[in-house]
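For reference, the chains in residue letters:
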Amino acid sequence: MIQFYSLMWMLAAFFAVIGAMRGWNKEVIALAGIVLAVFALFQFDALLRGTLLQSFPREQTFIIQFTIFAGIVFFAY
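In this report, we go over the structure that sits alongside the text. (Residues numbered from 1 in each chain as written. Predicted model: local features only at pLDDT ≥ 70, side-chain atom pairs only at ≥ 80, totals over all residues. Heavy atoms only, no water.)

### Regarding the pattern of salt bridges
At step 1: In this structure the tally under the stated criterion is two salt bridges.
At step 2: The residue arginine 22 makes a salt bridge to glutamate 27 at a minimum N-O spacing of 3.0 Å.
At step 3: For arginine 22, a relative accessible area of 29% translates into the label partly exposed.
At step 4: Here arginine 49 ties to aspartate 45 by a salt bridge, and the two come within 3.0 Å at their closest N and O atoms. Within this pair, arginine 49 and its partner aspartate 45 are both found in helix α3 (residues 45–52), separated by four residues, close to a single helical turn.
At step 5: According to the relative accessible area criterion, aspartate 45 is partly exposed, its value standing at 27%. (Salt bridge = Lys/Arg side-chain N within 4 Å of Asp/Glu carboxyl O. Buried < 20%, exposed > 50% of the residue type's maximum accessible area, 1.4 Å probe, protein only. Helix = DSSP H or I, 4+ residues; strand = E, 2+ residues; numbered from the N terminus.)

So, in structure tokens, the structure goes:
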């Protein structure tokens, strides 16, 4: 049985190899897109939760925000 700690390090090494194969420039651009997505979700949090997602339950609000973040990350890559 693999411990969660060991699995985390194996996945980190796996993604490090993939990142090295893709190239430094592509990884920096993807990282910038992810940081921009986090900034946008943080900056527009009051608008998202306060007006657009006010009628949704808390669990669905999280899922919607996660979907928005995952979509931005997908297109950043």
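So, next bit.
### Observations regarding the side chain of glutamine 65
At step 1: Tracing the chain through its elements places glutamine 65 in helix α4 (residues 58–76).
At step 2: Glutamine 65 has contacts with Leu41, Asp45, Leu48, Arg49 and Leu53, leaving out every residue within four places of it along the chain. (Contact = heavy atoms within 4.5 Å.)

### A few points about the side chain of threonine 61
At step 1: On the secondary structure map, threonine 61 appears in helix α4.
At step 2: Classification of threonine 61 as buried rests on a relative accessible area of 9%.
At step 3: Apart from the residues within four sequence positions on either side, threonine 61 is in contact with Arg49, Leu53 and Phe56.

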